[in-house]
Amino acid sequence: MNRSPNSLALTYKDAAVLVGVEYRTIRLGVERGTIPTVQLGPRRMIPRAALLRVFGVEP
């Protein structure tokens, strides 16, 4: 959905693509509380910096 390479918040799908994991890995991480999210209007998004930190990826 959010295709900008510098987006500060990502959809679950875009987050999965960015870190190279399956969508369900992201969903489970969010459900377990290991991947933080923010509510942006009706959507729950994943902050890019927090996602990269969780997966140990340099921004």
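Residues numbered from 1 in each chain as written. Predicted model: local features only at pLDDT ≥ 70, side-chain atom pairs only at ≥ 80, totals over all residues. Heavy atoms only, no water.

With an unreviewed UniProt entry as reference, the protein is termed Excisionase family DNA-binding protein, source organism Microbacterium helvum.

### Thoughts on the sheet that holds strand β2 (residues 38-40)
Which entries qualify depends on this criterion: Strands are labelled as partners when DSSP assigns at least two bridges between them. The secondary structure listing takes helices from DSSP runs of H or I that are at least 4 residues long and strands from runs of E that are at least 2 residues long, numbered from the N terminus.
Read across the sheet, 3 strands follow the order β1-β3-β2 without closing on themselves; strand pairing throughout is antiparallel. Edge positions in the sheet fall to β1 (9-10) and β2, since each of these pairs with one other strand and no more. Here β1 runs beside strand β3 (residues 43-47); their pairing, made up of 2 bridges, is antiparallel. Among the inter-strand pairings, Ala-9 is bridged to a residue of β3, identified as Pro-47.

### Describing the environment of Gly-20
Using the following cut-off: Exposure is judged per residue with a 1.4 Å probe applied to protein chains only, and the accessible area is read against the type maximum: over 50% gives exposed, under 20% gives buried, and values in between give partly exposed.
Tracing the backbone through its elements, the reader meets Gly-20 in the loop between α1 (12-19) and α2 (23-32). Gly-20 sits in the exposed class, given a relative accessible area of 64%. When the C-alpha atoms of Gly-20 and Pro-5 are compared, they prove to be 15 Å apart, with 15 residues separating the residues in sequence.

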